[in-house]
Amino acid sequence: MKVTKFGGSSLASAVQVQKVFSIIQADPERRFVVVSAPGKRNAADTKVTDALIKYYKEYVDGKDVTASQAWIIKRYQDMVDELGFQAKSMAKIAQDIEVLATLPIEDNDFLYDTFLAAGENNNARLIAEYFTHAGLPARYIHPKEAGLIVSSEPGNARILPSSYDRIESLHDAEEVLIIPGFFGVTVDNQICTFSRGGSDITGSIIAAGVKADLYENFTDVDGIFAAHPGIIDNPHSIEELTYREMRELAYAGFSVLHDEALLPAYRGKIPLVIKNTNNPDHPGTRIVLNHTKEAQPVVGIAADDDFVSINISKYLMNREVGFGRKVLQVLEELNIRWEHMPTGIDDLSVVLRGRELTPIKEEEILRQLNHKLEVDKAEIEHDLSIIMIVGEKMKSHVGVAATATHALSEKHVNLAMISQGASEVSVMFVVKTSERDEALKALYDAFFNAN
Ligand code: ASP
């Protein structure tokens, strides 16, 4: 039995919805369908979720909402018209969109989430009705009825562990169940969404809950590429990745799947596949617990920008008890998250994401390092990128780092830092952002285009 999730681009138009229908109809094991809100039909179009944000803002600011309401309702109506059927749910959808602008504004922490969730919720209604009309009995099911109970954290819900048992009972449904992605319901019956892009999380939770054999995540690419296609020409798509490899790649900028979506499927030991709605015969990328095939030492190379390094030197730093803790305490007190901490003998760097800092925070960090910790030198370096080469099999291969550093040196890329965790799933290089593309190309050639 499979849980199949479709992203917004797969549900943006009638043509796309018909592809989705064919995909579900083609395989009787596809029993659970998780849907996003309709996405963009073309580059200039607006995602329904973004239109709902605009509608919400107008409502709370006391502005006229009629144009926004009409646009959103028409978006569903156009779909129905293009699909060429009489949708009974259209009246319910219109009412549901209009009712949003009557909900209390004051003391309502969940108002924004309730607006946003309407995008997926109404899409699920429409898709269920269309599937049934087209000959495949399907039933819309609200997350509350599905048992998706979440924490009370608006815009950042977490699934409550007790939900899984309730979700398991969906197993026995006779029709194909159409479940809106992106949100759950709190114990107090409030609509609460996951973070943006969170329909992937719903799919993963349902897959783990019903103990599916496979979680299929349909998007608009043939799986995950070994490197960013905007930088590398025609990178090959990866056939198989482990969850740990995916986690590392997602950390460093691979964004095909929401990073919180990996956990439920991983814990439930459910394999996941990323597939293309526009090319469903392509096998896509499978994400598995352990490699089932002979894998290359490096399966993918990711790069991510906007890193900053706080570089600290102090003679005999290594003999000072608690030095590292004190550095991190400075950051903690300023509520700053850090990512990596490569060290030398008398120096230490703390690498963090640029968004964690402000000019005032930077000044304060330097002041405290100089005065409280009496460092010899402290400086903050901006415009850094990280590049990660990722692969579980690196562990059993000697010379991977050598191949990488050789390739980088051939292109005269200066390595600001190198770091490898004990798990040896990845090696991270820090380079200047201006050298990022050159570095990525050199590494891609060394690991994927050699011989
Ligand atoms: N529609 C939501 C968003 O745009 C969730 C999703 O598509 O996964 O963020």
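Above: the structure in question.
Residues numbered from 1 in each chain as written. Predicted model: local features only at pLDDT ≥ 70, side-chain atom pairs only at ≥ 80, totals over all residues. Heavy atoms only, no water.

Taken together, Ser36, Lys47, Thr49, Glu120, Phe182, Arg196, Gly197, Gly198 and Ser199 form the complete shell of residues around the ligand. Side-chain polar atom of Arg196 to an oxygen atom of the ligand: 2.6 Å apart, as the coordinates give it. Coverage of the ligand by the protein chains reaches 94% of its 260 Å² of free accessible surface. Residue composition of the shell around the ligand, by class: one nonpolar, five polar and three charged. (Near = heavy atom within 4 Å. Polar contact = N/O pair within 3.5 Å; in protein donor to acceptor, adjacent residues only side chain to side chain. Areas by Shrake-Rupley, 256 points an atom, 1.4 Å probe, with all protein chains shown as cover. Nonpolar A, V, L, I, M, F, W, Y, C, P; charged D, E, K, R; others polar.)

A word on the environment of Glu175. Inspection of the secondary structure assignment puts Glu175 in the loop between helix 7 (163-168) and strand 4 (176-180). Taking the C-alpha atoms as reference points, Glu175 and Leu136, separated by 39 residues in sequence, lie 8.1 Å from one another. (Helix = DSSP H or I, 4+ residues; strand = E, 2+ residues; numbered from the N terminus.)

Here eight strands make up an open sheet; going across it, the order is 3-4-2-1-7-9-10-8 and the pairing mixed. At either end of the open sheet lies a strand with only one pairing partner, and these are strand 3 (138-140) and strand 8 (240-242). Neighbour to neighbour, the strand axes of the sheet diverge by 20° on average, direction disregarded. For strand 9 (residues 272-276) and strand 10 (residues 285-288), the ladder comprises three bridges, and the chain directions are antiparallel. Across the sheet, Ile274 pairs through a bridge with Thr285, a residue of strand 10. (Pairing = 2+ DSSP bridges. Axes fitted to C-alpha atoms, helices over the stretch in contact; angles between N-to-C directions.)

Okay, the nonpolar core next. Formed by 78 residues in total, the largest nonpolar core has its most connected members in Ile301 and Ile389. The biggest single contributor to this core is helix 14 (residues 436-448), with seven residues. Beyond its immediate stretch of four places on either side in the chain, Ile301 contacts Ala226, Ala227, Leu249, Phe254, Ile387, Met388, Ile389, Leu440, Leu443, Tyr444, Phe447 and Phe448. Grouped together as the second largest cluster of nonpolar side chains are 49 residues, Tyr76, Leu83, Phe85 and Val176 included. (Core = buried A, V, L, I, M, F, W, Y, C linked by side-chain atoms within 4.5 Å. Buried < 20%, exposed > 50% of the residue type's maximum accessible area, 1.4 Å probe, protein only. Contact = heavy atoms within 4.5 Å.)

The tally for this structure, following the rule as stated, stands at 10 aromatic pairs. One aromatic cluster in this structure is built from Tyr55, Tyr56, Tyr59, Tyr112 and Phe115. The ring of Tyr251 has Arg353 sitting right over it, with the charged end atom 4.8 Å from the ring centre. (Phe/Tyr/Trp six-rings, centres within 6.5 Å; stacked < 30°, edge-to-face > 60°. Lys NZ or Arg CZ within 6 Å of the ring centre and 35° of its normal.)

According to the stated counting rule, one finds 23 salt bridges in the structure shown. The partner of Asp45 in a salt bridge is Arg75, and the shortest N-O contact between them spans 3.9 Å. Of this pair, Asp45 sits in the loop between strand 2 (30-35) and helix 2 (48-60) while Arg75 is found in helix 3 (residues 66-83), placing the two residues 30 residues apart along the sequence. For Asp45, a relative accessible area of 11% corresponds to the buried category. Owing to a relative accessible area of 2%, Arg75 belongs among the buried residues under this scheme. Linking Lys314 and Glu320 is a salt bridge whose minimum nitrogen-to-oxygen distance equals 2.9 Å. Judged by relative accessible area, which is 12%, Lys314 ranks as buried. In the salt-bridge network here, residues are joined through shared partners; they are Arg41, Asp45 and Arg75. (Salt bridge = Lys/Arg side-chain N within 4 Å of Asp/Glu carboxyl O.)

A separate point is the packing of helix 1 (residues 14-25) against helix 3. In contact at an axis separation of 9 Å, helix 1 and helix 3 are set at 65° when each is read in the N-to-C sense. With respect to helix 3, the axis of helix 1 lies roughly perpendicular. Considering only the axes of helix 1 and helix 3, their crossing is right-handed. Contact with helix 1, carried on its side by Ala14, Val17 and Gln18, involves Met79, Glu82 and Leu83 of helix 3 and no other residues of that element. Here the residues of the contact of helix 1 with helix 3 are counted per class, giving four nonpolar, one polar and one charged. (Parallel < 35°, antiparallel > 145°, perpendicular 65-115°, else oblique. Left-handed = near helix turned anticlockwise from the far one by under 90°.)

Structurally, the position occupied by Thr186 is in the loop between strand 5 (183-185) and strand 6 (191-193). Excluding anything up to four places from it in sequence, Thr186 contacts Phe110, Ile149, Val150, Ser151, Ser152 and Cys192.

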